[in-house]
Structures are given as structure tokens and as C-alpha cells.
Amino acid sequence: MGMKDQFQEKSEQWKQQAKQKAQEGREQAQRGRPGQGQGPDRERERERDGMRDEESERLQREERERLDHDYDM
């Protein structure tokens, strides 16, 4: 397995861990506030989750570009 493959695998693991932690956080928040699954707080949570996904995708893309550049040399 090459370094590029190792990096991609590790990146996927981190992404899955982040999703799991976000899901656990949402579940805990719902347990802590029964009856409140919607509303402004829920909308903010969705926005934060979207930002996290965008951020992780951006970081992955930058790392891939950097690795691709290293392999091109």
C-alpha cells in the first residue's frame, strides 16, 4: 500500500469518527432536551454539521493536492 493510499484511508477514518461524534452529540442533545427536535437550535446544529463536513472535505482535498504534487516531481 502506497503512502497516498494510507493517507486516504486515514482521512476516511477521521471523517467517519467525526461523523460518529457529531451523531453522538446530537443524540445527547436530544436526550437532554426532550420534545425539542426542531426550531432554531436544531437549524444551527445542521449548519455546524454542514460546516464540519465542508471543512473536512476541504482539508482532504488540500492534502490530496499536496500529495499529488509530491508524486508529480
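Here is a short report on the structure shown in this document. None of the values given here were measured: they were computed from a predicted structure.

## Description of helix α1 (residues 3–32)
Next up, step 1: The end-to-end C-alpha distance of α1 is 43 Å, a good match for the 44 Å that 30 residues give at a rise of 1.5 Å each.
Next up, step 2: Within α1, the full set of buried residues consists of Phe 7, Ser 11, Lys 15, Ala 22 and Arg 26.

## Here's the deal with the environment of Phe 7
Next up, step 1: Within the secondary structure, Phe 7 sits in helix α1.
Next up, step 2: When residues no more than four places from it in sequence are discounted, the contact partners of Phe 7 are Gln 60, Glu 63, Arg 64 and Leu 67.

## Brief notes about the side chain of Gln 60
Next up, step 1: Here Gln 60 is to be found in helix α2 (residues 40–72).
Next up, step 2: One polar contact links Gln 60 to Ser 11, side chain to side chain, over a distance of 2.7 Å.

What counts, and where the lines are drawn
Residue positions are counted from 1 within each chain, in the order its sequence is given. Totals for whole chains, interfaces and linings use every residue, but because this is a predicted model, local features are given only for residues with pLDDT of at least 70 and side-chain atom pairs only at 80 or more, for both listing and counting. In computing side-chain properties, one takes all heavy atoms of the structure into account and sets aside hydrogens as well as water. Each helix is a run of H or I in the DSSP string that is no shorter than four residues. Each strand is a run of E no shorter than two, and both are numbered from the N terminus. For a helix, the expected span equals 1.5 Å multiplied by the residue count minus one. Three labels apply to residues, based on accessible area from a 1.4 Å probe with only protein chains included: buried if under 20% of the type maximum, exposed if over 50%, partly exposed otherwise in between. Two residues qualify as a contact provided that any one of their heavy atoms is within 4.5 Å of a heavy atom in the partner residue. In protein, a polar contact means a hydrogen-donor-capable atom and an acceptor-capable atom, both N or O and within 3.5 Å, with residues adjacent in sequence counting only if both atoms are side-chain atoms; elsewhere, any N or O pair within 3.5 Å suffices.

Everything listed here is a matter of coordinates, which is why it stays silent on function.
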